[in-house]
Amino acid sequence: MTIALIASSTAHAAYPEKSIRFVVPFATGGTSEIIARSIAISLSSQLGQSVYVENKPGAAGNIAMEEVKRAAPDGYTIILGHVGTLAANPALFGAKLPYDPNKDFAPITLIAKVPNVIAVGKSSGIKNLADLVSQAKKNPNKINYGSAGNGSAGHLAMEYFASEAGIDLMHVPYKGSGPMLTDLIGGLTQATFNGLPSLIGQIKGGALIPLAVGSATRSPSLPNVPTIAESGYKGFETSQWYGVIAPAGTPKEIINKLQKEIAIALKSKEGTKRMVEDGATLVGNTPEDFAKFIKAEQARWGAVITKAKITMD
C-alpha cells in the first residue's frame, strides 16, 4: 500500500510528461479560441510540454463536453468551461443534456470574464440602443441578429435582452462567430450580442457600431459605450466567462498544479496582453471558488432562461 502511494505521488510530481490536449467546444474564430490559445501558449512554456488547442464544435458545446467527460482523468485532456456549457445548458436541455456539469467534471480555475456587446453593422442604419428597440417594436421579427449558434452565449444574451425590452428579433444561428461576423459586416444580418474580444477589431475598424455592453460597468476598452443597465434596463447584466475543467476523477495534485500554473500565466503581461486589450477581466481563482461560482451561475441563468422562455427551437 505504501509503495503504491509513493509511486502514485511520484507520477503526479512528474506531470506533465507528454502533450496536453486543450479542447474548445466551439468553432474557430471566436472569443473562446482567443482565450484558450492565450493560455495554451503560456502553459506550454511554463510546463515544458506542448499544450495544444483542439476546436470541437457542435450542439451548443455538448459534443465536446460529452467526449471529454469520458477521457482518461489523468490531466492530459482538459476543456474550456463556459457560461453556456456549464451554467446555461442544464436549464436549456434538462434531462437531454449528455453530461452533468457538476458530477462529470473537476473545476480547475476561472480564467476570465468577458463583457458581451450589442453591436450592429455599419449599413444597418441603427445608431443606438433606443433606436434598435424602437425599430424592433415597429417591425417585429424583421431585425435579424446572428449568434455563434443555438444555445450560444450570444443567443442567450440577446433573447434575455429582447425579453426585458419587450421586442421580437429574428435569431440567425451560425456555426461559430467567424461566419456570423462575415454576414453581419456584409449586411446580411443587422445585429449581434457577442463577446467583446471577437468584435473589438471590427469595432475599432469601423465596420461595427457598439450600442451597449452587457456588463455591470463600462468596459475600459469601450469607455464611451454605455451599459445596458444605464441605458434604461436597471439590473440587466450578462457577461461571458471562461474557465478550465478536467474529467471528474483527475487527481487533486494535478488539478492544483494546473490551477497554479494558469494563475501564473494570467499574471504575465505579455501572455495576456491580447485578452486584456480585448476587454477581459482576468481571474485565476481556486478550484473550490470556481465550483461555487459555477453553481451560482447555474441558478442565475436557470432563472433567466425560465423568465425569458428561451428554448433551443
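Conventions we followed
- Every residue gets a number counted from 1 within its own chain, in the order that chain's sequence is written.
- Where local features are concerned, this predicted model is filtered to residues with pLDDT of at least 70; where side-chain atom pairs are given and counted, the filter is 80 or more; whole-chain, interface and lining totals use all residues.
- Heavy atoms from the whole structure form the basis of all side-chain values; hydrogens and water molecules are not counted.
- Only DSSP runs of H or I covering at least 4 residues are called helices, and only runs of E covering at least 2 are called strands; the numbering of each starts at the N terminus.
- Only protein chains enter the accessibility calculation, which uses a 1.4 Å probe; a residue whose area is less than 20% of its type maximum is buried, one above 50% is exposed, and one in between is partly exposed.
- The contact rule is simple, with two residues in contact once any of their heavy atoms fall within 4.5 Å.
- Only the protein chains shown count as cover for residues, and all accessible areas are computed by the Shrake-Rupley method using a 1.4 Å probe.
- A residue counts as positive if it is Lys or Arg and as negative if it is Asp or Glu; His and the chain ends are not included.
- Where a charge sits is defined by one atom per residue type, namely NZ (Lys), CZ (Arg), CG (Asp) or CD (Glu).
- Each aromatic pair joins two rings of Phe, Tyr and Trp (for Trp, the six-membered one) with centres within 6.5 Å, and gets the label stacked for planes under 30 degrees apart, edge-to-face for over 60, and tilted for any other angle.
- Salt bridge, as used here, is a side-chain nitrogen of Lys or Arg placed within 4 Å of a carboxyl oxygen of Asp or Glu.
- Strands were regarded as paired on the criterion that DSSP finds at least two bridges between them.
- Here a crossover is taken to be right-handed if, once the strands point away from the viewer, the path from the first strand over the helix to the second is traced clockwise.
- Here a polar contact is recorded for every N or O atom pair within 3.5 Å, except that within protein the pair must consist of a potential hydrogen donor and a potential acceptor, and residues adjacent in sequence are included only if both atoms are side-chain atoms.
- Residue count minus one, scaled by 1.5 Å, sets the expected span of a helix.
- Geometry is summarised by axes, namely lines fitted to C-alpha atoms with helices restricted to the contacting stretch, and by angles between N-to-C directions that run from 0 to 180 degrees.
- Should an angle fall under 35 degrees it is called roughly parallel, over 145 degrees roughly antiparallel, and 65 to 115 degrees roughly perpendicular, with every other angle called oblique.
- In this scheme, a crossing is called left-handed if the near helix is turned counterclockwise away from the far one by less than a right angle; it is called right-handed if the turn is clockwise.
- When residue character is reported, Ala, Val, Leu, Ile, Met, Phe, Trp, Tyr, Cys and Pro are called nonpolar, Asp, Glu, Lys and Arg charged, and the others, Gly included, polar.

**Details of the overall build of the protein**
Here comes step 1: For the protein, the helix and strand inventory stands at 11 helices and 10 strands.
Here comes step 2: In terms of principal-axis extent, the alpha carbons of the protein reach across some 75 × 45 × 30 Å.
Here comes step 3: Looking at the protein residue by residue over its 313 residues, the buried ones come to 53%.
Here comes step 4: Relative to all contacts within the protein whose residues are 6 or more apart in sequence, the contacts with residues 24 or more apart total 78%.
Here comes step 5: Carbon and sulfur atoms provide 53% of the accessible area of the protein, an area that totals close to 13400 Å².
Here comes step 6: Computing the positive centroid from 30 side-chain charges and the negative centroid from 24, the protein places the two 4 Å apart.

**Examining the environment of Ala 14**
Here comes step 1: Turning to its location among the elements, Ala 14 is positioned in helix 1 (residues 2-14).
Here comes step 2: Overall, Ala 14 belongs to the partly exposed group, its relative accessible area being 33%.
Here comes step 3: The spacing of Ala 14 and Ile 254 is 240 residues in sequence and 9.9 Å in space, taken between C-alpha atoms.

**Things to note about the packing of aromatic side chains**
Here comes step 1: Taken as a whole and assessed by the stated rule, the structure comprises eight aromatic pairs.
Here comes step 2: Their ring planes at 80° and their centres at 6.0 Å tell us that Tyr 99 and Phe 105 sit as a pair that is edge-to-face. Summarising the burial analysis for this pair, Tyr 99 and Phe 105 share the class buried.
Here comes step 3: Ring centres 6.1 Å apart and planes at 75° place the aromatic pair Tyr 160 and Trp 301 in the edge-to-face group. Taken together, the residues span a long stretch of sequence, with Tyr 160 in helix 6 (residues 153-165) and Trp 301 in helix 11 (residues 287-308) at a distance of 141 residues.
Here comes step 4: Ring pairs connect the aromatic residues Tyr 160, Phe 161, Tyr 233, Phe 236 and Trp 301, which therefore count as one cluster.

**A look at the pattern of salt bridges**
Here comes step 1: Evaluated as defined, the whole model comprises 10 salt bridges.
Here comes step 2: Notably, a salt bridge pairs Arg 70 with Glu 66, separated by 3.3 Å at the nearest N-O pair.
Here comes step 3: With relative accessibility at 24%, the residue Glu 66 sits in the partly exposed group.

**Some words on the environment of Lys 142**
Here comes step 1: Tracing the chain through its elements places Lys 142 in the loop between helix 5 (129-138) and strand 5 (144-147).
Here comes step 2: Look at Lys 142 and you get exposed, because its relative accessible area is 60%.

**Quick word on the pairing of strand 4 (residues 105-121)**
Here comes step 1: Most of strand 4 is tucked away: 15 of the 17 residues are buried.
Here comes step 2: As paired elements, strand 4 and strand 9 (residues 239-247) share nine bridges and run antiparallel to each other. Opposite Pro 115, over in strand 9, you have Ser 239 as the bridge partner.
Here comes step 3: Taken together, the two bridges between strand 4 and strand 10 (residues 281-282) define a ladder with antiparallel strand orientation. Its bridge partner being in strand 10, Lys 113 is matched across the sheet by Thr 281.
Here comes step 4: Here strand 4 pairs with strand 7 (residues 191-195) via five bridges, running antiparallel. When the bridges of strand 7 are listed, Val 120 appears paired with Ala 191.

**Re the pairing of strand 1 (residues 20-24)**
Here comes step 1: Of all five residues making up strand 1, five are buried, and the element is well covered by its neighbours.
Here comes step 2: The alternating pattern of strand 1 places Ile 20, Phe 22 and Val 24 on one face and Arg 21 and Val 23 on the opposite face, and all of these are buried.
Here comes step 3: As judged from the five bridges shared by strand 1 and strand 2 (residues 51-55), these two strands associate in the parallel manner. Each bridged residue has a counterpart across the sheet, and for Phe 22 the counterpart in strand 2 is Val 53.
Here comes step 4: One crossover worth recording links strand 1 to the parallel strand 2 by way of helix 2 (residues 31-47), and it is right-handed.

**As for the side chain of Thr 250**
Here comes step 1: On the secondary structure map, Thr 250 appears in the loop between strand 9 and helix 9 (252-265).
Here comes step 2: Within the structure, the side chain of Thr 250 is placed 2.7 Å from the backbone oxygen of Pro 247, a separation counted as a polar contact.
Here comes step 3: In contact with Thr 250, other than residues within four places in its own chain, are Pro 73, Asp 74, Gly 75 and Ile 255.

**A few points about helix 6**
Residues that lie three or four places apart on an α-helix share one face, since the helix turns once every 3.6 residues.
Here comes step 1: Here helix 6 is 13 residues long and its end C-alpha atoms lie 18 Å apart, about the 18 Å a rise of 1.5 Å per residue gives.
Here comes step 2: Within helix 6, 10 of the 13 residues are buried, which leaves it mostly tucked inside the rest of the structure.

**Considering the packing of helix 6 against helix 11**
Packed helices, taken two at a time, are described by the angle between their axes plus the distance between the axes.
Here comes step 1: Remark: helix 6 packs on helix 11, axes separated minimally by 9 Å, with the N-to-C direction vectors making an angle of 55°. In this view, helix 6 runs oblique relative to helix 11, as classed from their interaxial angle. Crossing of helix 6 against helix 11: the hand is left-handed. Every residue of helix 11 that contacts helix 6 at Leu 156, Glu 159, Tyr 160, Ser 163 and Glu 164 is listed here: Trp 301, Val 304, Lys 307 and Ala 308.
Here comes step 2: Broken down by class, the residue content of the contact of helix 6 with helix 11 amounts to five nonpolar, one polar and three charged.

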